[in-house]
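Remarks on the overall topology
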Amino acid sequence: MGELKLMKGNEAIAEAAIREGVDAYFGYPITPQSEVIEYLMMEKPHERTGMVVLQAESELAAINMVYGAASVGRKVFTSSSSPGISLYQEGISYIAGAELPCVIANVVRGGPGLGTIQPSQADYFQTVKGGGHGDYRLFTLAPSSVQEMADFIELGFEIAFKYRNPVMILSDGMIGQMMEKVELKDQKPRWSADEIKAMHGSWATIGKPESRERNIITSLDLDPHKQEKHNHHLQAKYRQMEKEEVRYETFDTDDAEYLIVAYGSSARIAQKTIMLAREKGIKVGLLRPITLYPFPEKPLAELASRMKGVLSVEMSAGQMVEDVRLAVGCSDIPVEHFGRYGGVIHSPDEVLEALEQKIIGGK
Amino acid sequence: MDIAIKDIIKKENLVYTKTKLMTDNVLSYCPGCGHGTAHRITMEVVDEKGIQEQTIGIAPVGCSVLAYEFMNIDMVQAAHGRAPAVATGIKRVMPEKYVFTYQGDGDLAAIGTSETIHACNRGENITIIFINNGIYGMTGGQMAPTTLAGMKTSTSPFGRDLHSMGNPLKITELVAQLPGTYYVTRQAVHTPAAVRKAKRAVRKAFELQAENKGVTFVEIVSNCNSGWKMPPVQANEWMEENMFPFYPLGDIKVDGELVKK
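Residues numbered from 1 in each chain as written. Chains lettered and ligands numbered in written order. Predicted model: local features only at pLDDT ≥ 70, side-chain atom pairs only at ≥ 80, totals over all residues. Heavy atoms only, no water.

1. Re the overall build of chain B
Selection rule: Helix and strand assignments follow DSSP, with helices taken as H or I runs no shorter than four residues and strands as E runs no shorter than two, numbered in order from the N terminus. The size measure is the radius of gyration over C-alpha atoms, and the globule rule it meets is 2.2 Å times the number of residues to the 0.38 power. Accessibility here uses a 1.4 Å probe with only protein chains present; expressed as a share of the type maximum, an area under 20% marks a residue as buried, one over 50% as exposed, and anything in between as partly exposed. Residues count as neighbours in contact if any of their non-hydrogen atoms are within 4.5 Å of one another. Per-residue accessibility takes into account occlusion by the displayed protein chains alone, with areas from the Shrake-Rupley method and a 1.4 Å probe. In summary, the charge assignment counts Lys and Arg as positive and Asp and Glu as negative, without counting His or the chain termini. Where a charge sits is defined by one atom per residue type, namely NZ (Lys), CZ (Arg), CG (Asp) or CD (Glu).
A tally of helices and strands in chain B yields 11 helices and 10 strands. For chain B, the C-alpha radius of gyration of 18 Å lies close to 18 Å, the compact-globule estimate for 261 residues. Taken along the three principal axes of its C-alpha coordinates, chain B extends 65 × 45 × 35 Å. Counting all 261 residues of chain B, 56% fall into the buried class. Sequence-distant contacts, at least 24 apart, represent 67% of the contacts inside chain B between residues at least 6 apart. When the accessible surface of chain B is split by element, carbon and sulfur atoms take 56% of a total near 11,100 Å². Looking at charge distribution, chain B has the averaged site of its 27 positive side-chain charges lying 3 Å from that of its 26 negative ones.

Listed below in structure tokens is the structure:
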């Protein structure tokens, strides 16, 4: 068993990054995730592993520092919160276009605009439908506990390097700020220069020896036919992710007549709702997407086919519900959304009430 | 007297050859433009110092967006204005490498002002090569932050009006004020003498980078005959008469000290 600690989600993700052997973190302070860079600065990871931590002058600079360090085959991590993540979008599009690996964490707060510093899940569209320009996909992991904040660092880098694609850890202010018990992994050594050369020397711009052609990191091709071909390559990668990387969890679905679909904080709340419902004799189960892109549409479709109704619960005005409806398809059963938003967290009772009114009463 | 070309191309007649660190790709620059020369002297310095494998370049957005097609080294293409941040990311994880950005005036002094100022202020151990031709060439001759007062461009068709369009920005003098810059100079590449001086400046910038003393910054005032709508020779004359008085050539900061004029 690894070391057990009581930590905030923001601290756990920072500590996990050091232990993962991450080479660099670049970031800019923003509530509710400033503890990530504060923890890293306090921990002096340069002395522990040689990891670089730098506070950038803006989110624009931070994401482009990520782009730079990722270009040379390093493990790079950054984190921010909603308004800052909006500023990251240009860089994320370039990173996806240039096929660079990195892990980004968004500790989501309420919006739009400056919004509020309280938790929200209203960045779902921005994360899984684009955000930046062009046809790209952001691999998205949604932690629902402090433990998963830590665990998704390792998984995130595994995926990021396997596909040479940016990975987003989409949490929220509740997961970032709350304290839970977390089991930390042992320290991994950072990759050596020789290991990086062996693993990533075919593409990383680590310096051109005479023996090979130059490596170029770019998202540009002025020839539209070449750019289309590049896009075909990206799309093939996304199809492979959709086939091989879907992750989800189910809870109490065996005998369920109704299904709640919820991720992150909302999934934790929904678990309590299910307990309350079952006390009243209502058989409800939960499907928790762990990957939001790729979305677990097949498992959801299969489960929904034996349900009387589906309620999508998220702290937004209704974003993931669009993917839930696409997955369930044309069906007679009701598929509805419920959620508080703008920084307000729904209670288990409110979710149960919505289930009774919108799904059970509405059938 | 019949002399064939093949009789002239002989080893003893060879006075100059293209550096192997420039690729054989045809330059995308307009005939008469200074970019090709600025590329060449940069790559000659890398070649002569024998640091091809130790050098990583960052291409900007602008006319030199395709610099990676011409420079025979590992290169990264950056988003508009972000090259100093990209260079920071690379240099911080590979401090043993020579890292340089190659940026135009719109990239460096307009959209990328923040990244430029802060990389310079942090004293990143990188070299910035800044091509200033007072115009946006790539997009077809729009006004740049460095466009001179009264200068006509496609977005200042009646001349740059300082009252409504702001003043030309002397970004090089500005970054020289920052403690993080160690060597700041302004050069040109329009005459053989200027090319030799500019190349010496680029070499010095790379050599100082290895000493980890902060940013080394080489501005090259250059022409844009297409954007200025002049034949190349006339563009160079116009540059001498109009650009050089406002952007005077010479060292601005040496050994971390401002040069007294």
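Now that the structure has been shown, we can carry on.
2. Notes on empty space enclosed by the protein
Vacant regions in the atomic arrangement are exposed by a probe of water-molecule size rolled over the atoms. All names here are of chain A. Note the cut-off: A pocket, in this scheme, is an open set of points on a 1 Å grid over the protein atoms alone with protein on both sides within 12 Å along at least 5 of 7 lines, while a cavity is a set where a 1.4 Å probe fits but cannot get out; residues line either one if an atom lies within 4 Å of a point. Grid points are joined across faces, edges and corners, and a volume is the space filled by probe spheres set on the points. Throughout, the ten residues Ala, Val, Leu, Ile, Met, Phe, Trp, Tyr, Cys and Pro are labelled nonpolar, Asp, Glu, Lys and Arg are labelled charged, and all others, Gly among them, are labelled polar.
As enumerated under the stated definition, the model contains one cavity of 30 Å³ or more in all. Its volume calculated, the largest cavity comes out at about 100 Å³. For the largest cavity, the full set of lining residues is Ala16, Arg19, Glu20, Ala150, Ile153, Glu154, Glu183, Leu184, Lys185, Asp186 and Lys188. Looking at the lining of the largest cavity, the elements with two or more residues in it are helix H1 (9-19), helix H7 (146-163) and strand E8 (179-184). Examining the composition of the lining of the largest cavity, we find that three residues originate from one element, H7, more than from any other. Split by residue class, the lining of the largest cavity holds four nonpolar, no polar and seven charged.

3. Overview of the environment of Thr127 of chain A
All names here are of chain A. The line we're drawing: Between N or O atoms, a polar contact is any pair within 3.5 Å; within protein, one atom must be a potential hydrogen donor and the other a potential acceptor, and residues adjacent in sequence are included only when both atoms are from side chains.
Along the polypeptide, Thr127 turns up in helix H6 (residues 124-128). Relative accessible area serves as the criterion here: at 2%, Thr127 is assigned to the buried category. Separated by 2.7 Å, the side chain of Thr127 and the backbone oxygen of Asp123 make a polar contact.

4. Quick word on the sheet that holds strand E7 (residues 181-188) of chain B
In plain terms, the rule: A pair of strands is considered paired only if DSSP assigns at least 2 bridges between the two. Angular values range over 0 to 180 degrees, each being the angle between N-to-C directions of two axes fitted as lines to C-alpha atoms, with helices fitted over their stretch in contact.
Read from one edge to the other, the open sheet built from nine strands follows the order E9(A)-E2(B)-E1(B)-E3(B)-E4(B)-E8(B)-E7(B)-E9(B)-E10(B), with strand pairing classed as mixed. If you trace the sheet from one side to the other, it starts and ends with strand E9 (216-217) of chain A together with strand E10 (257-258) of chain B, each paired once. Where E7 of chain B lies against strand E9 (residues 250-254) of chain B, three bridges are found, and the strand directions are antiparallel. Paired with Val184 of chain B across the two strands is Lys253 of chain B, which belongs to E9 of chain B. This element, helix H4 (residues 83-93) of chain B, spans strand E1 (55-59), strand E2 (74-77) and strand E3 (98-104) of chain B of the sheet and lies at about 175 degrees to E3 of chain B.

5. Description of the sheet that holds strand E12 (residues 284-289) of chain A
Residue and element names in this part refer to chain A. Judged by pairing direction, the sheet is mixed, and its five strands sit side by side in the order E10-E12-E11-E14-E15 without closing on themselves. The sheet is open, and its two borders are formed by strand E10 (248-251) and strand E15 (335-338), each paired with just one other strand. Mean inter-strand twist for the sheet, computed between neighbouring axes without regard to direction, equals 20 degrees. Sheet topology note: the strand E14 (residues 309-313)/E15 ladder contains four bridges and is parallel. Its bridge partner being in E15, Val313 is matched across the sheet by Phe338.

6. Quick look at the environment of Gln142 of chain B
Residues and elements named next belong to chain B. Tracing the backbone shows Gln142 in strand E6 (residues 142-143). Along the chain, Gln142 and Ser154 lie 12 residues apart, while their C-alpha atoms are 4.9 Å from each other. Apart from the residues within four sequence positions on either side, Gln142 is in contact with Ile135, Tyr136, Thr153, Ser154 and Thr155. A polar contact of 2.6 Å, which involves the side chain of Gln142, links it to the side chain of Thr139.

7. Observations regarding the packing of H1 of chain A against helix H2 (residues 35-43) of chain A
Residue and element names in this part refer to chain A. Test applied: An angle counts as roughly parallel when it lies under 35 degrees, as roughly antiparallel when it exceeds 145, as roughly perpendicular when it falls between 65 and 115, and as oblique in every other case. Crossings are sorted by hand: turned counterclockwise from the far helix by less than a right angle, the near helix makes the crossing left-handed, and turned clockwise it makes it right-handed.
Between H1 and H2, whose axes approach to 8 Å, the crossing angle comes to 45 degrees. Compared by their axis directions, H1 and H2 come out oblique. The crossing of H1 and H2 is right-handed. Residue-level inspection shows Asn10, Glu11, Ile13, Ala14, Glu15 and Ile18 of H1 in contact with H2, the latter providing Glu35, Val36, Tyr39, Leu40 and Glu43.

8. Section: the side chain of Arg82 of chain B
On the secondary structure map, Arg82 of chain B appears in the loop between E2 and H4. Separated by 3.3 Å, the side chain of Arg82 of chain B and the backbone oxygen of Ile111 of chain B make a polar contact. Reaching out from Arg82 of chain B, the side chain makes a polar contact with the side chain of Glu115 of chain B at a distance of 3.2 Å. Those residues within four positions of Arg82 of chain B in sequence are excluded, and the remaining contacts are Leu60, Asn64 and Glu90 of chain A together with Ile111 and Glu115 of chain B.

9. Things to note about the side chain of Lys8 of chain A
Residue and element names in this part refer to chain A. Inspection of the secondary structure assignment puts Lys8 in strand E1 (residues 3-8). Exposure remark for Lys8: the relative accessible area of 19% places this residue in the buried category. Among the polar contacts made by the side chain of Lys8, one reaches the side chain of Glu35 at a distance of 2.8 Å.

10. A closer look at the pairing of E14 of chain A
Side-chain direction in a regular strand flips from residue to residue, so the side chains alternate between the two faces of the sheet. Residues and elements named next belong to chain A. For clarity, the threshold we go by: Looking down the strands as they point away from the viewer, one classifies a crossover as right-handed if the path from the first strand across the helix to the second runs clockwise.
In terms of burial, E14 is largely enclosed, as five of its five residues are buried. Side chains of E14 alternate between two faces, with Gly309, Leu311 and Val313 and Val310 and Ser312 buried alike. Note that strand E11 (residues 258-262) and E14 share five bridges and pair parallel. Paired with Ile260 across the two strands is Leu311, which belongs to E14. Chirality of the crossover, the property in question, places the unit of E14, helix H13 (residues 320-328) and E15 among those that are right-handed.

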